[in-house]
Amino acid sequence: MGNQIKSVGIIGAGQMGGGIAHVCAMAGYDVHVYDISTDGLHEMLANISGNLARQVASGKTTDADRDAALARIRLASEIADLAPMDMVIEAATEDETVKRKIYQQLCPVLNPEAILATNTSSLSITRLASATDRPERFIGIHFMNPVPVMKLVELVRGIATEDQTFQAARVFIDSLDKTITVAEDFPAFIVNRILLPMINEAIYTLYEGVGSVEAIDTAMKLGANHPMGPLQLADFIGLDTCLSIMQVLHDGLSDSKYRPCPLLVKYVEAGWLGRKSGRGFYDYRGDTPVPTR
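Criteria and cut-off values
Residues numbered from 1 in each chain as written. Predicted model: local features only at pLDDT ≥ 70, side-chain atom pairs only at ≥ 80, totals over all residues. Heavy atoms only, no water. Helix = DSSP H or I, 4+ residues; strand = E, 2+ residues; numbered from the N terminus. Contact = heavy atoms within 4.5 Å. 1 Å grid on protein atoms, 1.4 Å probe; cavity = no way out; pocket = protein on both sides within 12 Å on 5 of 7 lines; lining within 4 Å. Points joined across faces, edges and corners; volume = space filled by probe spheres on them. Nonpolar A, V, L, I, M, F, W, Y, C, P; charged D, E, K, R; others polar. Buried < 20%, exposed > 50% of the residue type's maximum accessible area, 1.4 Å probe, protein only. Phe/Tyr/Trp six-rings, centres within 6.5 Å; stacked < 30°, edge-to-face > 60°. UniProt positions renumbered as here; feature names shortened; annotations may be inferred. Core = buried A, V, L, I, M, F, W, Y, C linked by side-chain atoms within 4.5 Å. Pairing = 2+ DSSP bridges. Axes fitted to C-alpha atoms, helices over the stretch in contact; angles between N-to-C directions. Parallel < 35°, antiparallel > 145°, perpendicular 65-115°, else oblique. Left-handed = near helix turned anticlockwise from the far one by under 90°.

S.K.: What's the story with the side chain of His32 in this structure? I'm lost.
M.R.: Counting through the fold element by element, His32 comes out in strand β2 (residues 30-34). Among residues more than four places away in sequence, those in contact with His32 are Val8, Gly9, Ile10, Arg74, Asp81, Leu82 and Met85.

Here is the structure:
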């Protein structure tokens, strides 16, 4: 069954959905992307086109491969356009209510044989699967951001996920030239369970005045050999996303060590969500980012 996946539907044209569409198209899959925002879809296509142009310029791919990949991507005007797909990957916002609503619209029209996957970074696969008509054909395929660059994919099965589904997902991820890590279905899986508390701890270190933004980021870049400091990384991820993952960990595991730092809450309340909103732990409105404390 693994080799039967020829077409991939993607729901959500944001950073993640666009990145997934990019790698699937480059790997030879027919890709249909649906998003409630038509503008979002066109913006996504422009981004993919730009990213592919950069890959051509740096010799990573050829003009012919780029053109072929772009030709494989179709923009779907309604969710029903994804009905014939062999696999659909939901990459909508990290909000369970939104995801459940999508499954309610998608499941009745989707080919009954199709696999349904979610790109959630922290929500329970078992619980999301229970909101669908095919829990045994539901799986978590968590790509890392930015998708074209990052090699890792976390593969997470829910309690009802069948072996056949798991194996098909494995074959699919291999075909994208990504490395799989298998995680059990516990809050935030592996990467975010380790990464987000580290970021949260960096924010506590700032909050308690142990070090400035610059001191903390320099310390971790040069002292732990991290490519990006934890506060810079938090801004890149989005402080609202960081907060929501910490809340998932705190609620799901009921351990006080996952308590979101009050300073993180305050930044999110201010709308300082990091790079995407122009300000977070750094201010991005000038030529170079300047620490905000």
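Continuing now.
S.K.: Whenever I open this one, the layout of surface pockets confuses me. Can you help?
M.R.: If a probe the size of a water molecule is rolled over the atoms, the empty space left behind becomes visible. Roughly 1500 Å³ of volume is contained in the largest pocket. Lining the largest pocket are 50 residues, with Gln15, Met16, Asn145, Ile237 and Thr241 sitting closest to its centre. At the level of secondary structure, the elements contributing two or more residues to the lining of the largest pocket comprise α1 (15-26), α4 (96-106), β6 (138-143), α7 (191-207), α9 (230-237) and α10 (239-253). Looking at the lining of the largest pocket, its residues break down into 25 nonpolar, 16 polar and 9 charged. The calculated volume of the second largest pocket comes to roughly 820 Å³. Those elements that place two or more of their residues in the lining of the second largest pocket are α1 and α2 (38-57). Top element by residues in the lining of the second largest pocket is α2. It accounts for 8 residues.

S.K.: What is the right way to look at α9 in this model?
M.R.: What sets the pattern is the α-helix's 3.6 residues per turn: residues three or four places apart point alike. Turning to α9, its buried residues are Pro230, Leu231, Leu233, Ala234 and Asp235. Elements that come into contact with the buried residues of α9 comprise α7, α8 (213-223), α10 and β9 (282-283).

S.K.: How do you make sense of the packing of aromatic side chains when you look at a structure like this?
M.R.: The description of two aromatic rings rests on the distance between their centres and on the angle between their planes. Tallied over the full model, the rule gives 6 aromatic pairs. Taken together, a centroid distance of 5.7 Å and an interplanar angle of 80° make the contact between Tyr267 and Trp272 edge-to-face. Note on Trp272: relative accessible area 26%, which makes it partly exposed. Between Tyr282 and Tyr284, the aromatic rings sit 6.4 Å apart at their centres with planes inclined by 50°, giving tilted as the arrangement.

S.K.: Can you help me understand the UniProt feature "domain: 3-hydroxyacyl-CoA dehydrogenase NAD binding" (unreviewed entry) in the protein in this one?
M.R.: The sites that UniProt annotates as "domain: 3-hydroxyacyl-CoA dehydrogenase NAD binding" (unreviewed entry) are residues 8-185. Split by type, residues 8-185 is 39% helix and 21% strand. Its first and last C-alpha atoms lie 24 Å apart.

S.K.: For this particular structure, what's the right way to read the nonpolar core?
M.R.: Across soluble globular proteins, nonpolar side chains show a tendency to be buried alongside one another. Counting 37 residues, the largest nonpolar core has Val31, Val33, Ile141, Phe143 and Phe172 as the members making the most contacts within it. Beyond its immediate stretch of four places on either side in the chain, Phe143 contacts Met16, Ile20, Val23, Ile89, Asn119, Leu152, Val153, Phe172 and Leu176. Formed by 26 residues, the second largest nonpolar core is a distinct cluster that contains Ala188, Leu243, Met246 and Leu249.

S.K.: Just to check I follow, could you spell out the UniProt feature "domain: 3-hydroxyacyl-CoA dehydrogenase C-terminal" (unreviewed entry) in the protein for this structure?
M.R.: Here the UniProt-annotated "domain: 3-hydroxyacyl-CoA dehydrogenase C-terminal" (unreviewed entry) positions come out as residues 189-284. Split by type, residues 189-284 is 62% helix and 2% strand. Its first and last C-alpha atoms lie 31 Å apart.

S.K.: Quick question: what am I supposed to make of the sheet that holds β6 here?
M.R.: Pairing between the strands of a sheet is mediated by backbone hydrogen bonds and can be parallel or antiparallel. The strand order across the open sheet built from 8 strands is β3-β2-β1-β4-β5-β6-β7-β8, with neighbouring strands paired in mixed fashion. Every interior strand has two partners, whereas the edge strands, β3 (73-76) and β8 (179-183), have only one. Mean inter-strand twist for the sheet, computed between neighbouring axes without regard to direction, equals 25°. Across 4 bridges, the pairing between strand β4 (residues 87-90) and strand β5 (residues 115-118) is parallel. Within β5, the residue paired with Val88 across the bridge is Leu116.

S.K.: What is the right way to look at the pairing of strand β1 (residues 7-11) in this model?
M.R.: Moving residue by residue along a regular strand, the side chains alternate between the two faces of the sheet. Burial within β1 is extensive, with 5 of its 5 residues counted as buried. Two elements, β1 and β2, share 5 bridges in a ladder whose sense is parallel. By the bridge assignment for β2, Val8 is matched with Val31. Bridge count for β1 against β4 is 4 bridges, and the pairing is parallel. Across the sheet, residue Ile11 finds its bridge partner in β4, namely Glu90.

S.K.: Explain unusual backbone geometry to me, please; I cannot follow it from the model alone.
M.R.: Among all residues except glycine, the phi angle is most often negative; among peptide bonds, the trans geometry is most common. In this structure, the amide linkage connecting Asn145 to the following residue, Pro146, adopts the cis form with an omega of -5°. You can see Pro146 is positioned in the loop between β6 and β7 (152-157). Positive phi is not limited to glycine here, since Asn225 has a value of about 60°. With respect to the element layout, Asn225 can be found in the loop between α8 and α9. Classification of Asn225 by relative accessible area gives exposed; the value is 67%.

S.K.: Is there a simple way to think about the packing of α7 against α8 in this case?
M.R.: As a packed pair, α7 and α8 sit with axes 9 Å apart at the nearest point and diverge in direction by 140°. What the angle tells us is that α7 and α8 run oblique. Seen along the crossing, α7 lies across α8 with a hand that is right-handed. Contact residues: α7 offers Met198, Ala202, Thr205 and Leu206, while α8 offers Val213, Ile216 and Met220. For the contact of α7 with α8, the per-class residue count stands at 6 nonpolar, 1 polar and no charged.

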